[in-house]
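The primary structure of each chain is shown beneath.
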Amino acid sequence: MTATPPHNGPRLFDRGSWPEARRIGDILRKETIGGVLLLAGAVLALIWANSPWGDSYETLRGFTIGPASLHLDLSLATWAADGLLAIFFFVAGLELKREFVAGDLRDPRRAAVPIAAAVGGVLVPAVLYLAINVSSDGGAVKGWAIPTATDIAFALAVLAVIGRCLPHAMRTFLLTLAVVDDLLAIVIIAVFYTSDLSVLPLLGALVPLAVFTVLVQRRVRSWWLLLPLAFATWTLMHASGIHATVAGVLLGFAVPVLRSRQAGGPDAGPGMAEHFEHRFRPISAGVAVPVFAFMSAGVAVGGVDGLGSALTDPVAVGILVGLIVGKPVGITAATWLVTRFTRAKMDSGFAWIDVFGLAVLAGIGFTVSLLIGELAFGVGSDRDDHVKVAVLTGSLGAALLATIILRLRNRTYRRIHEAENTDADRDDIPDVYQQSEPVRPESV
C-alpha cells in the first residue's frame, strides 16, 4: 500500500495511532453486541404489542414501582427512560471527555471534521422537520429534535452484518461523530425539553455531584461511596424538572481520564474513566439500552391501515425525511465544507462515497429519538405512537440504503482492512501503525 504523503492539515479518515485504534475496536465490539440485543428487544416489543396479548404489554409498561415519598413512584417505562438511560449517558460522558482529553478530539484539526459533521447532521434534519410541520396543528413542531440523533449501537449492529471489513478509520469516524451527536442530544434535551424547572432541587443536585467529583478526582473507587452520591444526584436532577439523564453526563464529565503524576502519569496505564467505562459499558450496552428499547419500541401498528395512517402524519413524514434525507445531506455537506475551506484532505484509498455511506448509516436514529419523542408528545399519546412507527421505519430505511452503498465499496474496504491487519514483523502492532506516536497530554 502506497505511503501517505506528509500533510500538516486535518485528514479525513486518518486511522490515528494503534493504541487508540485498538481501544476503539474494543468499544465497537461491545457496542455491536449491545446493538444486537437492542434489536432483539425492539422486535420482541413490537411482536408483543401487536399480538392478542398486547394489553399485557401496556400493563407491564405502566406498572408503577418506587418510593412515593421521594416522588419516585414511576412506571417501568419511565424508569427505563429516566433511570437506565442515565447509565447510557454516563458512559457517553466518559467517552466524550476521554475523546477531548486523550483521544482524537484533543487535536482541534482532527476534531474539526467529525464535530462539523455531527452539527450538520443535527441542523439539517431539524430544519427539514420544521419545514414540513411549521403549519401543522397539535404542537407538531415540538418534535423537531427527534430525527437529529444517531443510535451508534443500532448502526454498529448493521455494520456487523454488512461491513465486517470496514476500515478502522471509518468506524472511528462514525463513533466520534456519534459521541458528539450524543453531547448535542443531551444539550437539546436539557435546554428545549425542560418544561417546569425547580431551582432548589437543581441546586441541591450540585452538592452530591461536587462530593462525587472530589472523590473521583482523588481516585476513590469505592462503590459504596460513589453509587449513593450518583443516585442522589440523579434523584435531585429528576426532581428539578431537567431530564434525569443529564445527571449521567455530568457524572461522566467529573471522572478524570488520565492517571495523576503520583500514579505514574498517562503512560502508567488506563485512568479512572477507562476503568469505569470497562465496568459500565457492558451494563449500558447489554442491559440499559436493550431494556429501554423493549419498553419503548412496542407500538400497536393496527395493520396496513394503521401503518398508513401513522406514516401520513406530518410528524412522521418530518421524521422520515429528517432521518433518510436530512442526516446524510447534513453530514456530507458539513464534511465537504470543512475540507473545502480548510486544509483537510481525504486519506489515501477513500472517496466521498464512503462519507456519504456513513452519513446514510447515521440516519439510524433509535434510542435517543424515541426518548425525545416521548418528551415532546407524552408517553402513550397518538403522536408518540406515530413517532415510534416513523423512527423504526426511517431507521430501517437508512440501514437498507447504507447497506447498498457500502456494499458497492466492499472490495476496496477488504484491501484496506487487510493492510491494516498485516503484521509482517510479528510484534503485535500492524505495520501501517509503525510510525511515531502522537504526543500524549500530561494530566487531566
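Details of the structure are given in the entry above.
Calculation notes
- Residues numbered from 1 in each chain as written.
- Predicted model: local features only at pLDDT ≥ 70, side-chain atom pairs only at ≥ 80, totals over all residues.
- Heavy atoms only, no water.
- Helix = DSSP H or I, 4+ residues; strand = E, 2+ residues; numbered from the N terminus.
- Rg over C-alpha atoms; globule rule 2.2 N^0.38 Å.
- Buried < 20%, exposed > 50% of the residue type's maximum accessible area, 1.4 Å probe, protein only.
- Contact = heavy atoms within 4.5 Å.
- Areas by Shrake-Rupley, 256 points an atom, 1.4 Å probe, with all protein chains shown as cover.
- Lys, Arg positive; Asp, Glu negative; His and termini not counted.
- Charge placed at Lys NZ, Arg CZ, Asp CG, Glu CD.
- Expected span 1.5 Å × (residues − 1).
- Axes fitted to C-alpha atoms, helices over the stretch in contact; angles between N-to-C directions.
- Parallel < 35°, antiparallel > 145°, perpendicular 65-115°, else oblique.
- Nonpolar A, V, L, I, M, F, W, Y, C, P; charged D, E, K, R; others polar.
- Salt bridge = Lys/Arg side-chain N within 4 Å of Asp/Glu carboxyl O.
- 1 Å grid on protein atoms, 1.4 Å probe; cavity = no way out; pocket = protein on both sides within 12 Å on 5 of 7 lines; lining within 4 Å.
- Points joined across faces, edges and corners; volume = space filled by probe spheres on them.
- Left-handed = near helix turned anticlockwise from the far one by under 90°.
- Patch = residues over 30% accessible without salt bridge, like charges linked within 9 Å, V, L, I, M, F, W, Y side chains within 5 Å.
- Phe/Tyr/Trp six-rings, centres within 6.5 Å; stacked < 30°, edge-to-face > 60°.
- Core = buried A, V, L, I, M, F, W, Y, C linked by side-chain atoms within 4.5 Å.

The next point concerns the overall build of the chain. Secondary structure assignment for the chain yields 16 helices and 4 strands. A compact globule built from 444 residues would reach a C-alpha radius of gyration of about 22 Å, and the chain, at 22 Å, matches this within 12%. Overall, the C-alpha framework of the chain stretches about 60 × 50 × 40 Å when taken along its three principal axes. Within the chain, the fraction of its 444 residues that count as buried is 53%. Restricting to contacts in the chain with at least 6 residues of sequence separation, those with at least 24 account for 80%. When the accessible area of the chain is evaluated, it comes to approximately 19,200 Å², of which 65% is carbon and sulfur surface. With 35 positive and 37 negative side-chain charges, the chain shows a spacing of 7 Å between the two charge centroids.

This part is about helix 8 (residues 223-240). Here helix 8 is 18 residues long and its end C-alpha atoms lie 25 Å apart, about the 26 Å a rise of 1.5 Å per residue gives. Every buried residue of helix 8 is listed here: Leu226, Leu229, Ala230, Thr233, Trp234, Thr235, Met237 and Ser240. The inward-facing, buried residues of helix 8 abut helix 3 (76-101), helix 7 (199-217), helix 9 (245-254) and helix 10 (272-297). Gly241, located one to two residues past helix 8, shows a positive phi value of around 100°.

Okay, the packing of helix 1 (residues 18-49) against helix 3 next. Packing of helix 1 against helix 3 leaves a shortest axis separation of 14 Å and a crossing angle of 170°. Here helix 1 lies roughly antiparallel to helix 3, going by the angle between them. Residues Glu20, Arg23, Ile24 and Ile27 of helix 1 form the contact with helix 3, whose own contacting residues are Glu95, Arg98 and Glu99. Here the residues of the contact of helix 1 with helix 3 are counted per class, giving 2 nonpolar, no polar and 5 charged.

Take the pattern of salt bridges next. The final tally for this structure, using the stated rule, is 8 salt bridges. We note a salt bridge from Arg281 to Glu95, for which the minimum N-O separation is 3.6 Å. Taken together, the residues span a long stretch of sequence, with Arg281 in helix 10 and Glu95 in helix 3 at a distance of 186 residues. One salt bridge in this structure joins Lys388 and Asp384, with 3.9 Å as the shortest N-O distance. In this pair, Lys388 and Asp384 both sit in helix 15 (residues 382-407), 4 residues apart, roughly one turn of the helix. On the basis of relative accessibility, which here comes to 2%, the residue Lys388 falls in the buried class. Counted as one network, the salt bridges with shared partners bring together Glu95, Glu277 and Arg281.

This part is about the layout of surface pockets. Unoccupied space between atoms shows up once a probe the size of one water molecule is rolled over them. One number sums up the size of the second largest pocket: a volume of about 630 Å³. Lining the second largest pocket are 22 residues; nearest its centre among them are Ile87, Phe90, Leu227, Ala230 and Phe280. A per-class count over the lining of the second largest pocket returns 17 nonpolar, 3 polar and 2 charged.

Let's shift gears to empty space enclosed by the protein. Enumeration over the complete set of coordinates arrives at 5 cavities of 30 Å³ or more. Contributing to the lining of the second largest cavity are 13 residues, with Glu31, Ala92, Ile152, Asp182 and Arg281 lying nearest its centre. Elements supplying a minimum of two residues to the lining of the second largest cavity: helix 1, helix 3, helix 6 (168-192) and helix 10. Here the lining of the second largest cavity is built from residues that sort into 8 nonpolar, 1 polar and 4 charged.

As for its placement among the helices and strands, Lys345 is situated in strand 4 (residues 345-346). The sequence separation of Lys345 and Leu408 amounts to 63 residues, and the corresponding C-alpha distance is 22 Å.

A few words now on the packing of helix 13 (residues 352-361) against helix 15. With their axes 8 Å apart at the nearest point, helix 13 and helix 15 run at an angle of 160° to one another. The angle between helix 13 and helix 15 falls in the class roughly antiparallel. Crossing geometry of helix 13 relative to helix 15 is assigned as left-handed. Contacts from Ile353, Phe356, Gly357, Leu358, Val360 and Leu361 of helix 13 reach helix 15 at Ala398, Leu401, Ala402, Ile405 and Leu406.

Together, Leu197, Val199, Leu200, Leu203 and Leu206 make up a nonpolar patch on the protein surface, roughly 510 Å² of accessible area in all. Its location among the elements puts Val199 in helix 7.

Turning next to the packing of aromatic side chains. According to the stated counting rule, one finds 11 aromatic pairs in the structure shown. Aromatic side chains Phe154 and Phe366 sit 5.6 Å apart centroid to centroid with 80° between the ring planes, which places their arrangement in the edge-to-face category. Remark: Phe366 occurs in the loop between helix 13 and helix 14 (367-377) and Phe154 occurs in helix 5 (residues 152-162); sequence separation between them is 212 residues. The residues Phe154 and Phe366 share a single accessibility class, namely buried. Geometrically, the ring pair formed by Phe276 and Phe280 is edge-to-face, given 6.3 Å between the ring centres and 85° between the ring planes.

A separate point is the nonpolar core. Membership of the largest hydrophobic core comes to 104 residues, with the highest contact counts inside it found for Phe13, Ile319, Leu361 and Phe366. A total of 13 residues in this core trace back to one element, the largest contributor, which is helix 6. For Phe13, the contacting residues outside a window of four places in its chain are Ala169, Met170, Phe173, Met346, Asp347, Phe350, Asp354, Val355 and Leu358. In terms of nonpolar packing, the next biggest core, distinct from the first, is built from 19 residues, Phe90, Leu226, Leu229 and Val257 among them.

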